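# Structural overview
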Amino acid sequence: MVPLARITPERRVVAVNPVPRRVLTPRQKAAVIVRYLLTEGTSLPLAALPEHMQAALAEQMGQMRLIDRATLDEVVAEFLSELESVGLAFPGGIEGALSMMDGHISQSAAQRLRRMSSASSKIDPWERITALPADRLLPILVNEAVEVGAVMLSKLPVAKSAELLGKLPGERARRVAYAVSLTGNVDPETVRRIGAALLAELDNQPPKAFDQGPVERVGAILNVSPSLTRDDVLEGLEAEDAAFAAEVRKAIFTFAHIPTRLNPRDTPKITRLVEQPQLVTALAAAMGKPGLEKAAEFILANISQRLAQGLREEMGARGKVKEKDGEEAMTAIIAAIRTLEASGEITLIQPEED
């Protein structure tokens, strides 16, 4: 055997075998990349991964020991090459795909796909439940067992939990809040099964044919109905269902409601949407009529005095207005107000609760 000290540099290159690079599996390569990025101080959103992938990654990292420099360089180069070659990225998961395809597939197909995804044990049901609006979750707190409601409140963000708790009757809210104190020893698998059951119940609800509730739909119809028709319908509703009629009255916004529901500084926006002949007709028709005259004076008082003076002069020259023409002009003003409200340019003052 030749002593190491007597090997020339050239012979040493030949005599010493190079360290062979390790052949890694895709999971091992992922662990190497994550370890390398964490070492460099990069913040990785690993919590966004499904729990089973987080567990598999942590398990793989726990099994690995040392990686030589040549293997590390090769893995990093391969990773960068794959990143540069990416041409299109998909959202990942059924829920992400459905969010991207919203409006392009039918609601029934979307519900069927959601039921299929929630049936998988690898899907965290609480991710979808947390994203649902409070109005969808409130029936769970009202109808389900208080223990189930307590688990849901514990999984939701604090702000949403507080909002839901505030909408419950006092006694029910106290029972659910107390049940939260009993959830300390609930294991994660039980919480996941509760979430899966709630998600299945939410997905099994039939789709709604209308975006708005019956109160809003009836109120919108009566808004543009003639006053005699509106009064007659409201009287009939009060005889049939006084509570429903009261809610409809709150949803109705007519010309007479302008002084109490419209912010004075928003009045000039209305006059820019309504043609001046219609504005003159509506204001002239309102003069001398209880309730309506106050609304006309409100409009005139909250626009420029020059425009108000010009409108008053045209109202005087307009003479008497037919009732039908007056109602049509007032309806045009209400439609303009509703258009501005829907676009978010103005916010109507809500009627005070009794």
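Residues numbered from 1 in each chain as written. Predicted model: local features only at pLDDT ≥ 70, side-chain atom pairs only at ≥ 80, totals over all residues. Heavy atoms only, no water.

Per an unreviewed UniProt entry, the recorded name for the protein chain is Flagellar motor switch protein FliG, and the organism is Rhodobacter calidifons.

Across its full length, the protein chain holds 21 helices and zero strands. Sorting the 354 residues of the protein chain into buried and exposed places 30% on the buried side. Roughly 23,100 Å² of accessible area belongs to the protein chain as shown, and the carbon and sulfur atoms make up 57% of that amount. (Helix = DSSP H or I, 4+ residues; strand = E, 2+ residues; numbered from the N terminus. Buried < 20%, exposed > 50% of the residue type's maximum accessible area, 1.4 Å probe, protein only. Areas by Shrake-Rupley, 256 points an atom, 1.4 Å probe, with all protein chains shown as cover.)

Along the chain, leucine 262 falls in the loop between α16 (258–261) and α17 (267–273). Separated by 36 residues in sequence, leucine 262 and phenylalanine 298 place their C-alpha atoms 9.5 Å apart. In contact with leucine 262, other than residues within four places in its own chain, are His257, Thr267, Ile270, Phe298, Ile346, Leu348 and Ile349. (Contact = heavy atoms within 4.5 Å.)

Below, the discussion takes up the packing of helix α8 (residues 134–143) against helix α10 (residues 158–166). Orientation of α8 relative to α10, taken along the N-to-C sense of each, is 60°, at an axis distance of 10 Å. Between α8 and α10, the angle is such that the two are oblique. At the point where α8 passes α10, the crossing takes the right-handed sense. Every residue of α10 that contacts α8 at Ala134, Leu137, Leu138 and Leu141 is listed here: Lys160, Glu163 and Leu164. Of the residues that constitute the contact of α8 with α10, the class distribution is five nonpolar, no polar and two charged. (Axes fitted to C-alpha atoms, helices over the stretch in contact; angles between N-to-C directions. Parallel < 35°, antiparallel > 145°, perpendicular 65-115°, else oblique. Left-handed = near helix turned anticlockwise from the far one by under 90°. Nonpolar A, V, L, I, M, F, W, Y, C, P; charged D, E, K, R; others polar.)

Note on placement: alanine 177 falls in helix α11 (residues 170–180). Judged by relative accessible area, which is 38%, alanine 177 ranks as partly exposed. Here the alpha-carbon distance between alanine 177 and glutamate 147, two residues 30 residues apart in the chain, equals 9.6 Å.

In this section: the side chain of glutamine 28. By secondary structure assignment, the location of glutamine 28 is in helix α2 (residues 26–39). Since its relative accessible area comes to 17%, glutamine 28 is described here as buried. Excluding anything up to four places from it in sequence, glutamine 28 contacts Val23, Gln60 and Met64.

What follows covers the side chain of aspartate 266. Note on placement: aspartate 266 falls in the loop between α16 and α17. Judged by its relative accessible area of 6%, aspartate 266 is buried.

With that settled, the discussion passes to the nonpolar core. In this structure, Phe255, Ile258, Ile270, Leu283, Ile333 and Ile337 are the most contacted members of the largest nonpolar core, which totals 33 residues. Among the secondary structure elements, those contributing two or more residues to this core are α18 (276–286), α19 (292–301), α20 (305–318) and α21 (323–343). Apart from the residues lying within four places of it in its own chain, the contact partners of isoleucine 333 are Phe255, Ile258, Ile270, Val274, Leu279 and Ala282. Membership of the second largest hydrophobic core comes to 25 residues, among which are Ile140, Leu153, Ala179 and Leu202. (Core = buried A, V, L, I, M, F, W, Y, C linked by side-chain atoms within 4.5 Å.)

Together, Phe79, Leu80 and Leu83 give the surface a local cluster of nonpolar side chains, amounting to about 260 Å² of exposed area. Residue placement: leucine 83 occurs in helix α4 (residues 69–85). Look at leucine 83 and you get partly exposed, because its relative accessible area is 49%. (Patch = residues over 30% accessible without salt bridge, like charges linked within 9 Å, V, L, I, M, F, W, Y side chains within 5 Å. Salt bridge = Lys/Arg side-chain N within 4 Å of Asp/Glu carboxyl O.)

So, on to the packing of helix α13 (residues 214–223) against helix α15 (residues 242–251). Packing of α13 against α15 leaves a shortest axis separation of 8 Å and a crossing angle of 55°. Looking at the two axes, α13 sits oblique to α15. Crossing hand, α13 versus α15: right-handed. Together, Pro214, Val215, Val218, Gly219, Leu222 and Asn223 of α13 and Phe244, Glu247, Val248 and Ala251 of α15 make up the contact between the two elements. Classifying every residue of the contact of α13 with α15 gives seven nonpolar, two polar and one charged.

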